[in-house]
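These are the residues of each chain, in order.
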Amino acid sequence: MKTIDWTRDELVAYILLFAANSDFKEDPKEKEMILSLVDKHTFQEIHDEFNADNDYRSIKKITISLEQHNYSNDDIDALLEDIKVLFYADDDFSINEQIMLRFLTKLLKG
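Residues numbered from 1 in each chain as written. Predicted model: local features only at pLDDT ≥ 70, side-chain atom pairs only at ≥ 80, totals over all residues. Heavy atoms only, no water.

Caption draft 1: Broad picture of the overall build of the chain. Check the secondary structure of the chain and you find 6 helices and 0 strands. Against the globule reference of 13 Å for 110 residues, the chain gives a C-alpha radius of gyration of 13 Å, in line with a compact fold. For the C-alpha atoms alone, the extent of the chain along its principal axes is close to 35 × 30 × 25 Å. Contacts spanning at least 24 positions in sequence make up 79% of the contacts within the chain whose residues lie at least 6 apart. With the model as given, the accessible surface of the chain reaches about 6300 Å², and the carbon-plus-sulfur share is 50%. Taken as two groups, the 13 positive and 24 negative side-chain charges of the chain have centres that lie 5 Å from each other. (Helix = DSSP H or I, 4+ residues; strand = E, 2+ residues; numbered from the N terminus. Rg over C-alpha atoms; globule rule 2.2 N^0.38 Å. Contact = heavy atoms within 4.5 Å. Areas by Shrake-Rupley, 256 points an atom, 1.4 Å probe, with all protein chains shown as cover. Lys, Arg positive; Asp, Glu negative; His and termini not counted. Charge placed at Lys NZ, Arg CZ, Asp CG, Glu CD.)

Caption draft 2: Main features of the side chain of Asp 90. One can find Asp 90 in the loop between α5 (73-88) and α6 (95-109). Within the structure, the side chain of Asp 90 is placed 3.1 Å from the backbone nitrogen of Asp 92, a separation counted as a polar contact. Leave out the neighbours within four places in its chain, and Asp 90 touches Asp 23, Lys 25, Asp 27, Lys 29, Glu 30 and Glu 97. (Polar contact = N/O pair within 3.5 Å; in protein donor to acceptor, adjacent residues only side chain to side chain.)

Caption draft 3: Inspection of α5 at higher detail. For α5, spanning 16 residues, the distance from its first C-alpha to its last is 23 Å, which sits close to the expected 22 Å at 1.5 Å a residue. Within α5 the residues assigned to the buried category are Ile 76, Leu 79, Leu 80, Ile 83, Leu 86 and Phe 87. Viewed end-on, α5 has its buried residues packed into an arc of 110°, placing them on one side of the element. Where the residues of α5 are buried, they touch α1 (8-20), α2 (28-35) and α6. (Expected span 1.5 Å × (residues − 1). Buried < 20%, exposed > 50% of the residue type's maximum accessible area, 1.4 Å probe, protein only. Arc of directions from axis to C-beta.)

Here it is, written out as C-alpha cells:
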C-alpha cells in the first residue's frame, strides 16, 4: 500500500469513522456529526471501505494519506478538535473513546 487515492474530505470521513467505532458502535449523533463535514455520497463510499478494513489496514491508510495531503500541525489540531466534538456528540465520552483520542493524538502528531 504505497498511495491512497482519497480527497481530504474522504480522509476526514475515514478518520472520524475510525474514531466513532472506538466503542464498537456507531451512534446516530456521531453519524450526523460526520455528515455535517462531508456529503452523503462521500460518507457512504468511505463507510463501505472502512467496513471492509481491519484496524491495521485502517491505521496504514490514515498515516499514508496524511503524508500525501501534507497535513500541517494546524490541520491536525483542527482534525483532533473535530474528533473531540464527535466523541461528545452522543453525550458519552466513554473510556474507549478517551483511549482512542490519546491514540489518535499520538498517531496524527507523530
